[in-house]
Amino acid sequence: MTQWIGTANHGFASYAMEELRRLFDGIKFTQLAAGEIFRMELPQSREEVLAVLEAKEPIFLRHIQPIDRLLPIYGNADDLEALSDLVRHARIRCEGRTAAVHLRRAERTPFIYSAADTKAVLDAVLTELGAEPAMQSPDLILSIYAGTEQFYVGWGTPHEQLSDWPGGAVRFQREEGQISRAKFKLLEAERTFRLDFAEFDEALDIGAAPGGWTQLLLERGLQVTAVDPAELHPSLASYHRLTYLKKNASDVKFQPEIFDLLVCDMSWSPMQMVKLVLEQLEALASGATAIITLKLMHKKPLQIIRDVISKLETSFELKKAKQLFHNRDEITLYLIKRNG
Ligand SMILES: C[S@@+](CC[C@H](N)C(=O)[O-])C[C@H]1O[C@@H](n2cnc3c(N)ncnc32)[C@H](O)[C@@H]1O
């Protein structure tokens, strides 16, 4: 039997739980934060759970941490002392490894310390044990969820926890001159799907305005064709690598096989999106990558996702479908155009 904490985007926990129920017989859930964070108990071992998640990662499960230890919270300085002792005696191999401390606090936790204070104290303990505290891509993450009565403490790698951000909450710095928050979605997709947009040459951006995605692709050095009846931000006009077609996507046609990347963020009805994407199929080279957001506008997201994927799979191979932290009522699809 193993215990875990699962996290989804706010309002989507029930879909994550439905996906998990289909993967694990005998799974039991308890809510920790409404619509978002839940505790689960499974008859399977840690290795079995991780192997299943690796093979069939649920779309709506943003983050998972094992519950290796539980500790009562007293609401005073003893709490930091107890956490330090726990880490000191955890018998986790720390020597020569990089490690990060991730603390999340429930809304009504009695724990009085901030994430920064807790991290400072526990980093010192990890250093004592021979680990090197690290922020990005650590070998090990010590995840602590400070609940309303107790700490839930677990160790894992970023890969096992599905993210190297606390609770999978990816934070990017807003840059000066950034056109839209939507840019974060494409940045997160690039990291999550382990892509490097700089490796592509010619991108087609359908539903491009105001231009956050186009801006990112131009910054990565690509030639970009942006299609949208709405206005692109004027700051993009200075890029000579940009072609802007102020049109509806159904009114544009291109030479065959000229794009190696398609991005589409139309926030439109899913089936219309599928139709518009498939209409542009010929313009994509075989093996081209597609990053597409899929709006969840109806009551049955899992059904819509299945329908959309089965239509797209006639021409694309699905690499991954994931609700990213920066997705609101949508998920992001990563696809590769099939040969021929
Ligand atoms: C969410 S916004 C895109 C934001 C953009 N990715 C960014 O980073 O700034 C959706 C856009 O899709 C466009 N759109 C909707 N239907 C379209 C269609 N049939 N053809 C082209 N663009 C469309 C809308 O005009 C709108 O500008």
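What you are looking at is a predicted structure, and each value in this text was computed from that prediction instead of being measured.

Visitor: I keep staring at the site of the ligand and nothing clicks. Help me out?
Guide: Within the structure, the ligand sits among 21 residues, and Gly-212, Trp-213, Asp-228, Ala-249 and Asp-265 are positioned closest to it. One of the side-chain nitrogen or oxygen atoms of Ser-180 is found 3.0 Å away from an oxygen atom of the ligand. In the environment of the ligand, a nitrogen atom lies 2.8 Å from a nitrogen or oxygen atom belonging to the backbone of Ala-249. If the ligand stood free it would expose 600 Å²; the protein chains cover 84% of that surface. Here the shell around the ligand is composed, by residue class, of twelve nonpolar, six polar and three charged.

Visitor: Help me out: how do you make sense of the packing of helix H1 (residues 13–23) against helix H8 (residues 301–312) in this one?
Guide: Helices that pack against each other are described as a pair by the angle of their axes relative to one another and the distance between those axes. As a packed pair, H1 and H8 sit with axes 10 Å apart at the nearest point and diverge in direction by 70°. With respect to each other, H1 and H8 are oriented roughly perpendicular. Residues Tyr-15, Glu-18, Glu-19 and Arg-22 of H1 form the contact with H8, whose participating residues are Pro-301, Leu-302 and Arg-306. Taken together, the residues that form the contact of H1 with H8 break down as three nonpolar, no polar and four charged.

Visitor: Where do I start with helix H2 (residues 46–55) in this structure?
Guide: If you check which residues of H2 are buried, you get Val-49, Leu-50 and Leu-53. Down the axis of H2, the smallest arc covering the buried residues is 95°, so these residues share one side. Exposed residues on H2 whose side chains face more than 90 degrees from its buried face are Glu-47, Glu-54 and Ala-55. Contact partners of the buried residues in H2: strand E1 (2–7), H1, strand E3 (37–42) and strand E4 (63–66).

Visitor: Looking at this structure, I do not really get the side chain of Thr-118. What am I missing?
Guide: Assignment of secondary structure puts Thr-118 in helix H4 (residues 115–128). At 2.7 Å, the side chain of Thr-118 forms a polar contact with the backbone oxygen of Ser-114. Once residues lying within four places of it in the same chain are set aside, the contact partners of Thr-118 are Leu-80, Leu-83, Leu-103, Phe-111 and Tyr-113.

Visitor: Just to check I follow, could you spell out the packing of aromatic side chains for this structure?
Guide: How two aromatic rings sit relative to each other is given by the distance of their centres and the angle of their planes. Tallied over the full model, the rule gives eleven aromatic pairs. Relative to Phe-38, the ring of Phe-29 has its centre 5.5 Å away and its plane inclined at 85°; by these criteria the two rings are edge-to-face. Since its relative accessible area comes to 22%, Phe-29 is described here as partly exposed. For Phe-38, a relative accessible area of 1% puts it in the buried group. Judged by centre distance (5.2 Å) and plane angle (25°), the rings of Phe-193 and Tyr-334 are stacked. Of the two residues, Phe-193 sits in the loop between helix H5 (182–192) and strand E10 (202–206) while Tyr-334 sits in strand E16 (residues 330–337), which places them 141 residues apart along the sequence. The two residues Phe-193 and Tyr-334 agree in class, both being buried. Aromatic rings pair up to connect Phe-12, Tyr-15 and Phe-60 into one cluster.

Here is what the cut-offs are and how they apply
Sequence order sets the numbering: in each chain, residues are counted from 1 along the sequence as written. Confidence filtering applies because this is a predicted model: local features only for residues at pLDDT of at least 70, side-chain atom pairs given and counted only at 80 or more, and all residues used for totals across whole chains, interfaces and linings. Calculation of side-chain values draws on the structure's entire complement of heavy atoms; hydrogens and water are dropped beforehand. Distances are taken per atom, and a residue is near a molecule or strand as soon as one of its heavy atoms is within 4 Å of it. Within 3.5 Å is the distance limit for a polar contact, defined as a pair of N or O atoms, with the added protein rule that one can donate a hydrogen and the other accept it, and that residues adjacent in sequence qualify only through two side-chain atoms. Each accessible area is a Shrake-Rupley result for a 1.4 Å probe, and residues are judged covered by the shown protein chains and nothing else. Residue type decides the class: Asp, Glu, Lys and Arg count as charged, Ala, Val, Leu, Ile, Met, Phe, Trp, Tyr, Cys and Pro as nonpolar, and the leftover types, Gly among them, as polar. Working convention: axes come from line fits to C-alpha atoms, limited for helices to the stretch in contact. Angles between N-to-C directions cover 0 to 180 degrees. For helices the rule is a DSSP run of H or I covering at least 4 residues; for strands it is a run of E covering at least 2, with both sets numbered from the N terminus onward. Roughly parallel means an angle under 35 degrees; roughly antiparallel means over 145; roughly perpendicular covers 65 to 115; every other angle is labelled oblique. It only takes one pair of heavy atoms within 4.5 Å for two residues to be counted as in contact. Think of it in three bands: residues with accessible area under 20% of the maximum for their type are buried, residues over 50% are exposed, and the middle band is partly exposed, with areas taken using a 1.4 Å probe on protein chains only. This arc is built from the directions going out from the helix axis to the C-beta atoms. Aromatic rings from Phe, Tyr and Trp, taking only the six-membered ring of Trp, are treated as a pair when their centres fall within 6.5 Å; an angle between ring planes under 30 degrees marks them as stacked, one over 60 as edge-to-face, and anything in between as tilted.

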